[in-house]
Amino acid sequence: MFCPFCGVKNEDGQAQCFVCTRKLPSLNGDASPSRPRSMQRTSSAGPVTARLGDRLIAIILDTIFVSAVLLVTSAAILWRWPKITHGQSVVTIASAGAAATLLVVFIYHWLLEGAFGATMGKAIIGVRVTRYDSGKVPGFGSSAVRNALRLVDALPFYLVGFFVAAFSRGRRRIGDYAANTVVLEQPVSLGERITVALLWAIGIGAAVWGTWALCPAW
């Protein structure tokens, strides 16, 4: 029996919840207490598709981290080694910058999702990418396909990917269909979540410090 007040599972026949100590409804009453909505999501026997809101927050966290990496990289190239861009047109520099940005974003998602099934943002939120047919880590091949099509899903401002996922079975975007993957909820312990969050924050802090060290004028 699940407590209707705190959601903790109790043994059948107990008079009160052993956690919140509130009185439990009798099994012989009018109706057995239904499991809270939050418990329905976390204690279900089958996999639970990740919510689009959680995936959006994960994207924001990953974008902040990647932006910090790009910031220190730009500082190193444009200010410490100006000869690299000397004599180049604005269009050439902008094109090279855009290509470098796409490459860094691709490598970040490709490596982490291919090896672990989750980027830092996904790990903090508690979602992961898996194979649609087996539930296993996608691997580098499927991860490459999934993230190569991120460019399509992200246009404009991830609206394409959002609407495809919102109206598809399993909330799969175009990249998921092509790579045969799906994003699921993954229970993460508090210690693991704190560890990943600290690594995320340390990485951003190191990038900001590195930018200042390279270009104190900024």
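Below: a short report on this structure.

Here is what the cut-offs are and how they apply
- Residues numbered from 1 in each chain as written.
- Predicted model: local features only at pLDDT ≥ 70, side-chain atom pairs only at ≥ 80, totals over all residues.
- Heavy atoms only, no water.
- Helix = DSSP H or I, 4+ residues; strand = E, 2+ residues; numbered from the N terminus.
- Buried < 20%, exposed > 50% of the residue type's maximum accessible area, 1.4 Å probe, protein only.
- Contact = heavy atoms within 4.5 Å.
- Areas by Shrake-Rupley, 256 points an atom, 1.4 Å probe, with all protein chains shown as cover.
- Polar contact = N/O pair within 3.5 Å; in protein donor to acceptor, adjacent residues only side chain to side chain.
- Expected span 1.5 Å × (residues − 1).
- Phe/Tyr/Trp six-rings, centres within 6.5 Å; stacked < 30°, edge-to-face > 60°.
- Lys NZ or Arg CZ within 6 Å of the ring centre and 35° of its normal.

Points about the overall build of the protein chain
- A tally of helices and strands in the protein chain yields nine helices and two strands.
- Order of helices (α) and strands (β) in the protein chain, N terminus to C terminus: α-α-α-α-β-α-α-α-α-β-α.
- Burial analysis of the protein chain (218 residues in total) assigns 30% to the buried set.
- Considering only intrachain contacts with a sequence separation of at least 6, the fraction spanning at least 24 residues in the protein chain is 62%.
- Counting only carbon and sulfur atoms, one obtains 67% of the accessible surface of the protein chain, whose full area is about 13200 Å².

A closer look at the environment of isoleucine 93
- One can find isoleucine 93 in helix H3 (residues 90-116).
- Of the residues examined, isoleucine 93 reaches a relative accessible area of 32% and is grouped as partly exposed.

Looking at the side chain of threonine 119
- You can see threonine 119 is positioned in the loop between H3 and helix H4 (120-125).
- On the basis of relative accessibility, which here comes to 1%, the residue threonine 119 falls in the buried class.
- Only 2.5 Å separates the side chain of threonine 119 from the side chain of aspartate 62, close enough to count as a polar contact.
- Setting aside residues up to four positions removed in sequence, threonine 119 forms contacts with Asp62, Tyr108, His109, Leu112 and Glu113.

Things to note about the pairing of strand S2 (residues 181-185)
- Burial of S2 is extensive: five of the five residues sit out of reach of the surface.
- Of the two faces of S2, the one lined by Thr181, Val183 and Glu185 and the one lined by Val182 and Leu184 are each fully buried.

Points about H3
- When the terminal C-alpha atoms of H3 are compared, their 39 Å separation across 27 residues agrees well with the 39 Å that a helix rising 1.5 Å per residue should span.
- Those residues of H3 that sit buried are Tyr108, His109, Glu113 and Gly114.
- One or two positions beyond H3, positive phi appears at glycine 117, with a value near 85°.

Section: the packing of aromatic side chains
- Scanning all chains against the criterion turns up four aromatic pairs.
- The interplanar angle of 65° and the centroid separation of 5.8 Å between the aromatic rings of tryptophan 110 and phenylalanine 140 together place this pair among those described as edge-to-face. Placement of the pair is tryptophan 110 in helix H3 and phenylalanine 140 in helix H5 (residues 139-148), with a sequence separation of 30 residues.
- Ring geometry for phenylalanine 162 against phenylalanine 163: centres 5.4 Å apart, planes inclined by 80°, an arrangement best described as edge-to-face.
- Members of the aromatic cluster, joined through ring pairs, are Phe106, Trp110 and Phe140.
- In this structure, arginine 172 packs its charged tip against the face of tyrosine 132, placed 3.9 Å from the ring centre.

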